[in-house]
4 protein chains.
Amino acid sequence: MSKIKKSLHTELGHSTPDKITVRGRDLPSEILGHFNLGDMAFLELTGRAPTPQQSVTFNAILVTLVEHGITPSALVARLTYAGAPESLQAAVAAGLCGLGSVFVGSTEGAARMLYQAIAAGSAPTQAPDVLARAIVADHRSRKEIVPGLGHPLHKPIDPRTPRLFQIAAENGLSGHYVALMQAVQSEAERVSGKSLPINATGAIGAIACEFGFPWRIIRGLGVMARAVGLVGHILEEIDDPMGVEIWQRVEREAGGPRQDG
Amino acid sequence: MSKIKKSLHTELGHSTPDKITVRGRDLPSEILGHFNLGDMAFLELTGRAPTPQQSVTFNAILVTLVEHGITPSALVARLTYAGAPESLQAAVAAGLCGLGSVFVGSTEGAARMLYQAIAAGSAPTQAPDVLARAIVADHRSRKEIVPGLGHPLHKPIDPRTPRLFQIAAENGLSGHYVALMQAVQSEAERVSGKSLPINATGAIGAIACEFGFPWRIIRGLGVMARAVGLVGHILEEIDDPMGVEIWQRVEREAGGPRQDG
Amino acid sequence: MSKIKKSLHTELGHSTPDKITVRGRDLPSEILGHFNLGDMAFLELTGRAPTPQQSVTFNAILVTLVEHGITPSALVARLTYAGAPESLQAAVAAGLCGLGSVFVGSTEGAARMLYQAIAAGSAPTQAPDVLARAIVADHRSRKEIVPGLGHPLHKPIDPRTPRLFQIAAENGLSGHYVALMQAVQSEAERVSGKSLPINATGAIGAIACEFGFPWRIIRGLGVMARAVGLVGHILEEIDDPMGVEIWQRVEREAGGPRQDG
Amino acid sequence: MSKIKKSLHTELGHSTPDKITVRGRDLPSEILGHFNLGDMAFLELTGRAPTPQQSVTFNAILVTLVEHGITPSALVARLTYAGAPESLQAAVAAGLCGLGSVFVGSTEGAARMLYQAIAAGSAPTQAPDVLARAIVADHRSRKEIVPGLGHPLHKPIDPRTPRLFQIAAENGLSGHYVALMQAVQSEAERVSGKSLPINATGAIGAIACEFGFPWRIIRGLGVMARAVGLVGHILEEIDDPMGVEIWQRVEREAGGPRQDG
């Protein structure tokens, strides 16, 4: 392998004995006490401090994804903690491993779909309803579901969506992508004849596009938020455990003879 | 196993078709737009909204732990992403797995030490310097280092510590535990004759005790914060990768004949 | 959600106070001392004991995937262990997280491609060279690489491949799928004019099809094998560590000013 | 940090274009077809091929730890797969994260206890019953349980233990450590007046000491074995899933009002 040696470099942070710099700012004097955790996430991802409007909207996106009660991911963190209470970090890690294509990952799918219609940093070339017709037809021809629409529980609307769109609009972050997501919903409902609410991951995917985040990193918003929520579940598991009880119930039932056809 | 069946319960969150509740609050109307991500973490862990003073201090603790440049944990996330870019969540998870006893886990050790001297919710029974003498003597007799003191790089002081203590003091969160941590430092320096600055994990451990967080969950503060930072590293890895270059350099060197005695 | 309650059941194993059964066999008397670890993996996946021929071939597949020197996955396990030596299991877990689409996962791609041409349990409907022409043309039209061919280092052949095919042939496990993989190689070389050796993951994918393993589980063969190898790396890391040295080298270089354009 | 640069080296494996070497042996010609997966694990950990006796005994240890029906770790792998079926490796990784101090990790505790009484590579300085009295008294004085004894389900004996000790004895691997573990059991039963069978992790810990494995790596035997078992659970989850059903049952119960005092 004779390839030219690539140098290693990071812009994220660096330390000397008396200084800790993050994204070019002095951590103690310029960041601590001035940035909340969501703002710090924004700084990490963009290299800039958020405006007040960006701060409210970006924090709202993240906060939405922190907690959704008992999820598979929360169960995983609790069951893992039951076996290795000395490794809290591994319990959180285990819980994050399942945030893939089925659950939290759908933010990514929605964002990717929207960016394919309106490239990041570009003006749309056609009206939202025209773009939406092409998007929905394309998904139907490939027999794929349109990401960001529908929810198994939250019907007829996902209560997070109108609130997220309201916050985005009040803060100047409701533009072409939110309009397109809404047009996609209308078209999908028209064509299918079914109610297909924009779910929280669809709303978040659209607002993330308004910020201009690359689609490859958008799943990461859910991952960082859920890490916060999983620590909450582990604290509750310490005080009021359910992991061992769940395991024993399943072991008892699943280990016996099959109960149904 | 004839044990009485334990019921399963969570106070963290629950959903019905039209409502999502977190810690008893309506997520869309009472949380989104009102809580930043650090406040949401506080709500998860305590069930209460932070006061403005608690919000500033708690966010500062978390923000401190987000980013420290190239750490083993950042390298792990980057190397994992290089092999499985379709599983961003697994790259973050892998990065978190190493936040154990050697690095971020020392917040836990400091907090535990302080709680052993002053039980959570109790007034101290003796002056800080008396308690500190016992703590330091006890660690010396067991030949263990005192957690939260000293740093391989940040000498003579860790620049995060005075700033964190300042923020805590300005917000009414500098009490018995911060005083005790400072007394422990003085006593350890007196006895050892060495400069032993309180490091960031020592400062955070002490302030976390001021909040009253159980010691078992304090490592979780670093875990949630670092999850934010690791997403930042993955985004940089997408744009300007170093994982494959590091791997190839190490492979070339380590796979050859041994180079030193 | 009014869905009918599904019962929970496993065929893998069950325990009573005096008996432990795995796949219907008594673990102490019928398995221990009779099955090696690879045979046990076969039992887990198929419910059957391997024939001697299956045992040799299946163990060879797994053994191939255990160790490949310094890989990203080995580095991840070592760096994680450096931070959390009390959680060996988390270091192995972290190392496994990166076995995705780029590295070990390509066994899965090869198997899936072969099963699409010759459905599991069916006779091929056309000669291998005819099927191969369609496969290669299809990948070229989608501008995708053919899985299981080529290797950045092992040129002109991957030394594992002829040996694996030899073992499979000697044990009656070289049939339609191995023949098709070889025809795909010839066709890809003919069309591209380049040398494209079948790599180890291509050979393993083909042989796994001969066994009839579903393509969705084939990545799991590499995952279980690599878990063995990662424990080896951790033991070496305990005795002769490299994790901290790698971290410090990268930190020093990457944290400074950028060195190249 | 002016420390002298440490060179990086591995003895485990290395590749050149035409050669892949593992532990000094040519992988294709000297390992594939000759080593089963357990033998390969032995080679990784010791640098030597096992004798036939070592092979049988070491494989038996590993096989014991592969499958124990529905465990927390199996549930974790299944629930993770339900959310991220494209990342099978992350589901196995998540399942491994919980193999800590509570479950599989007790092999480590037993081995460490035995090595403290009889240092690796040394002859015992006293008779087993004398050493056992000291061990049991020491644990009682610290109010700690003796690792490797007792089992919540397998009473009055753990059926794996006599079989493992029989295999070890038939293969010349039952020496001072097995004798000491048995003496510890007798003493613990005498002192407590309770039946305290040696459980499988106690038997495996003792036999691992007969092999001379360092205690820090012994947990790794369970980790590699369980990785095999978790792939089995994931295959069953693909064909006959239980993850979503478990999640929905728990969500329904735990999200409602508390059902007990």
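All figures in this text were calculated on a predicted structure; none of them were measured in a lab.

K.L.:
Pulling in residues and values, what's your account of the sheet that holds strand S1 (residues 13–16) of chain A?
P.N.:
Residue and element names in this part refer to chain A. If you trace the three strands from one edge of the open sheet to the other, you get S1-S2-S3, paired in antiparallel fashion. Because the sheet does not close on itself, it has two edges, and the strands there are S1 and strand S3 (25–26). Direction of pairing for S1 relative to strand S2 (residues 19–22): antiparallel, over a ladder of four bridges. Directly across from Thr-16, in S2, lies its bridge partner Lys-19.

K.L.:
Break down the interface of chain A and chain B for me, with residues and values.
P.N.:
Contacts between chain A and chain B engage 89 residues on the former and 89 residues on the latter. Contact between chain A and chain B buries roughly 7500 Å² in total, counting both sides, with carbon and sulfur atoms accounting for 69%. Sorting the residues of chain A by area buried against chain B places Leu32(A), Leu37(A) and Gln89(A) first, and these three jointly supply 9% of that buried surface. If you look at where chain A meets chain B, you find two salt bridges. The salt bridge involving Asp240(A) is made with Lys6(B); its shortest N-O contact spans 3.5 Å.

K.L.:
Which residues make up the relation of the copies chain C and chain D, and what values do they have?
P.N.:
Note on the identical chains: chain C maps onto chain D by a rotation of 180° and an axial translation of 0.0 Å, with an RMSD of 0.0 Å. What we have between these two chains is a two-fold relation. Closest approach to the rotation axis within chain C is made by the C-alpha atom of Ala93(C), at a distance of 2.1 Å.

K.L.:
Could you give me a rundown of helix H5 (residues 88–96) of chain B, with the residues and numbers involved?
P.N.:
Since the α-helix packs 3.6 residues into each turn, any two residues three or four apart lie on the same face. By the criterion of burial, H5(B) is predominantly enclosed, with nine of the nine residues buried. Within H5(B), the full set of buried residues consists of Leu88(B), Gln89(B), Ala90(B), Ala91(B), Val92(B), Ala93(B), Ala94(B), Gly95(B) and Leu96(B).

K.L.:
Describe the relation of the copies chain A and chain B, listing the residues and the values that go with them.
P.N.:
Least-squares fitting of chain A to chain B yields an RMSD of 0.0 Å, with the transformation described by 0.0 Å of translation along the axis and a rotation of 180°. Counting the interface residues of chain A, we find that 100% of their copies in chain B are interface residues as well, pointing to one common contact surface.

K.L.:
Can you tell me about the domain arrangement of chain A, naming the residues and giving the values?
P.N.:
According to the domain assignment, chain A consists of domain 1 (12–50) and domain 2 (106–216). For domain 1 of chain A versus domain 2 of chain A, the distance between C-alpha centres works out to 32 Å.

K.L.:
Which residues make up the packing of helix H11 (residues 215–239) of chain C against helix H2 (residues 37–46) of chain D, and what are the values?
P.N.:
Contact pair H11(C) / H2(D): the axes reach a minimum separation of 9 Å and the direction vectors enclose 15°. What the angle tells us is that H11(C) and H2(D) run roughly parallel. Viewed along their axes, H11(C) and H2(D) form a crossing whose handedness is right-handed. Here H11(C) contributes Val228(C), Gly229(C), Val231(C), Gly232(C) and Leu235(C) to the contact with H2(D), which in turn contributes Leu37(D), Ala41(D), Glu44(D) and Leu45(D). Split into classes, the residues belonging to the contact of H11(C) with H2(D) amount to six nonpolar, two polar and one charged.

K.L.:
Please set out the interface of chain C and chain D residue by residue, giving values where relevant.
P.N.:
Contacts between the two partners involve 89 residues from chain C, matched on the other side by 89 residues from chain D. Here chain C packs against chain D, burying approximately 7500 Å² in sum over the two surfaces, 69% of which is carbon and sulfur. Area buried by chain C at its contact with chain D is led by Leu32(C), Leu37(C) and Gln89(C), which between them contribute 9% of it. Applying the counting criterion to the chain C and chain D interface returns two salt bridges. If you look at where chain C meets chain D, you find 27 residue pairs in polar contact (both at pLDDT 80 or more). A total of 16 residues in the side of chain C that touches chain D trace back to one element, the largest contributor, which is H11(C). Here the residues of the side of chain C that touches chain D are counted per class, giving 46 nonpolar, 23 polar and 20 charged.

Reading the values: the criteria
Residues numbered from 1 in each chain as written. Chains lettered and ligands numbered in written order. Predicted model: local features only at pLDDT ≥ 70, side-chain atom pairs only at ≥ 80, totals over all residues. Heavy atoms only, no water. Pairing = 2+ DSSP bridges. Helix = DSSP H or I, 4+ residues; strand = E, 2+ residues; numbered from the N terminus. Contact = heavy atoms within 4.5 Å. Buried area = accessible area lost by both parts, 1.4 Å probe. Salt bridge = Lys/Arg side-chain N within 4 Å of Asp/Glu carboxyl O. Least-squares fit on C-alpha atoms with pLDDT ≥ 70 in both. Buried < 20%, exposed > 50% of the residue type's maximum accessible area, 1.4 Å probe, protein only. Domains from an automatic or database assignment. Axes fitted to C-alpha atoms, helices over the stretch in contact; angles between N-to-C directions. Parallel < 35°, antiparallel > 145°, perpendicular 65-115°, else oblique. Left-handed = near helix turned anticlockwise from the far one by under 90°. Nonpolar A, V, L, I, M, F, W, Y, C, P; charged D, E, K, R; others polar. Polar contact = N/O pair within 3.5 Å; in protein donor to acceptor, adjacent residues only side chain to side chain.

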